[in-house]
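What the coordinates show
Now for the letters of each chain:
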Amino acid sequence: MENLQWYPGHMAKTRRMLEENLKNVDVIVEVLDARIPHSGRNQDIDDLLSSKPRIILLNKFDLADANVTDRWIKAYNDKGIKVIPISCATGGGINKIAPMAKELIKDRIARDAERGMRRNIKIMIVGIPNVGKSTLINKLVGKAATKTGDKPGITRAKQWVRLKDGLELLDTPGILQPKYEDQKIALRLAYTGAIKDEIMEVELIAYSLLEYLQVHYNDMLCARYKLSDITGLKGYEILDLIGRKRGCLISGGEIDEKRAADIVLDDFRSAKIGKITLELPEDYNEKTN
Ligand SMILES: Nc1nc2c(ncn2[C@@H]2O[C@H](COP(=O)(O)OP(=O)(O)OP(=O)(O)O)[C@@H](O)[C@H]2O)c(=O)[nH]1
Ligand SMILES: [Mg+2]
């Protein structure tokens, strides 16, 4: 399989920008996609930003498998890491962020209060592309202060947004690692739309997604596309069946795989197949910062 990676110039620039702005912020909020809590982490961000207190958000929990999200939260908590599951779509969990940020820097707030000072709390929002950083900021501020969109690479420059209750949020462009050694991780980033579809044939992305669903969410997959038994089938064979069911045909009766793959990816991304998580905490030993 060809090497799947995407590191345009603006990501290298953003990395430097994060580093430069670190001294101006109190708390880092790292936004992860609840469907890929492992693959959505970025070693670069970890290394760069480890000097500041951090909150991890598992966003888009409305799209993820609730049972697996609970296991991820427990795995993090067992290591003393604070995580909050949130959904910008339903608003769930959003109101827990500000109190947790205040709790993390309560010593500073108390010192300030002793001196009769009241400084704003500055929060840098970071994460890979398309996880909902800008949407979260809009949700918190209650209006469309930042640009959002359903593809990666929407935010291109930093932007401060001020909230009423003494919080200031720094929106930042999503960044990936320059290189992913593990192609499985890169593929998961493609399924969830953190890596843009154009860098690889969408059919190949769909094949491997279908093979994962076949193993972990077989009933949901079969129900969605009215498939009877797909035991032992390869990803491309499942995609062909789906293409046939959905009438994705080109002249001569052949399957239009590209169209079928687009359907599968759209359905996965909007949870039409079901609420699905692509990795289990038991399979990873997360770093503890
Ligand atoms: N279902 C669902 N969709 C969400 C949620 N949060 C964000 N989205 C959608 O995810 C897409 C990406 O949101 P953005 O806020 O633009 O993502 P971003 O992290 O700022 O992306 P970049 O600026 O490219 O780094 C948009 O289509 C949002 O509507 C959520 O909790 N649930
Ligand atoms: Mg953005």
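None of these values were measured; they are calculated from a predicted model.

The next thing to look at is the domain arrangement of the protein. Once the domains are mapped, the protein shows domain 1 (9-179) and domain 2 (201-269). Measuring from the centre of the C-alpha atoms in domain 1 to the corresponding centre in domain 2 gives 34 Å.

Glancing now at the site of ligand 1. By nearness alone, 24 residues border ligand 1, and G132, T135, D150, T155 and G174 come closest of all. Considering each element in turn, the shell around ligand 1 owes the most residues, three residues, to helix 6 (residues 133-141). Looking at the shell around ligand 1 residue by residue, the class counts come to eight nonpolar, twelve polar and four charged.

Next up on the list: the nonpolar core. Formed by 68 residues in total, the largest nonpolar core has its most connected members in V29, I123, I125, L239 and V264. A total of six residues in this core trace back to one element, the largest contributor, which is helix 8 (residues 202-216). Per-domain counts for this core show at least three residues from each of domain 1 (9-179) and domain 2 (201-269).

This part covers the environment of S270. Looking at where S270 falls in the secondary structure, it is placed in the segment after helix 11 (257-269). The class of S270 is exposed, set by 10 C-beta atoms lying within 10 Å. Sequence separation of S270 and V29 is 241 residues, and the distance between their C-alpha atoms is 25 Å.

The subject of this paragraph is the sheet that holds strand 4 (residues 121-126). Strand order in this open sheet of six strands is 3-2-1-4-6-5, and the pairing throughout is mixed. On the outer flanks of this sheet lie strand 3 (83-85) and strand 5 (159-162), each paired with one strand and no other. Sheet twist, expressed as the average angle between the axes of neighbouring strands with direction ignored, equals 25°. Where strand 4 meets strand 6 (residues 167-171), four bridges bridge the pair, whose relative direction is parallel. When the bridges of strand 6 are listed, M124 appears paired with L170. Against the sheet, helix 3 (residues 66-78) contacts strand 2 (54-59) and strand 3, and its axis sits at roughly 165° relative to strand 3.

Where helix 8 contacts helix 11, the axes come no closer than 9 Å and their chain directions differ by 55°. When the axis of helix 8 is compared with that of helix 11, the two are oblique. Every pair of crossing elements has a handedness; the one defined by helix 8 and helix 11 is left-handed. Taking contact as the criterion, the partners of V202, E203, I205, A206, L209 and L210 in helix 8 are, on helix 11, E257, K258, A261, D262, V264, L265 and F268.

A word on the pairing of strand 4. Counting buried positions along strand 4 gives five out of six residues, so the element sits mostly inside the fold. In this structure, strand 1 (residues 27-33) lies alongside strand 4, joined through four bridges in parallel fashion. Bridging across to strand 4, V27 finds its partner in I123.

Reading the values: the criteria
- Residues numbered from 1 in each chain as written.
- Chains lettered and ligands numbered in written order.
- Predicted model: local features only at pLDDT ≥ 70, side-chain atom pairs only at ≥ 80, totals over all residues.
- Domains from an automatic or database assignment.
- Near = placed C-beta within 6 Å.
- Helix = DSSP H or I, 4+ residues; strand = E, 2+ residues; numbered from the N terminus.
- Nonpolar A, V, L, I, M, F, W, Y, C, P; charged D, E, K, R; others polar.
- Core = buried A, V, L, I, M, F, W, Y, C linked by C-beta atoms within 7 Å.
- Buried ≥ 20, exposed ≤ 12 C-beta atoms within 10 Å, placed from the backbone.
- Pairing = 2+ DSSP bridges.
- Axes fitted to C-alpha atoms, helices over the stretch in contact; angles between N-to-C directions.
- Contact = placed C-beta atoms within 7 Å.
- Parallel < 35°, antiparallel > 145°, perpendicular 65-115°, else oblique.
- Left-handed = near helix turned anticlockwise from the far one by under 90°.

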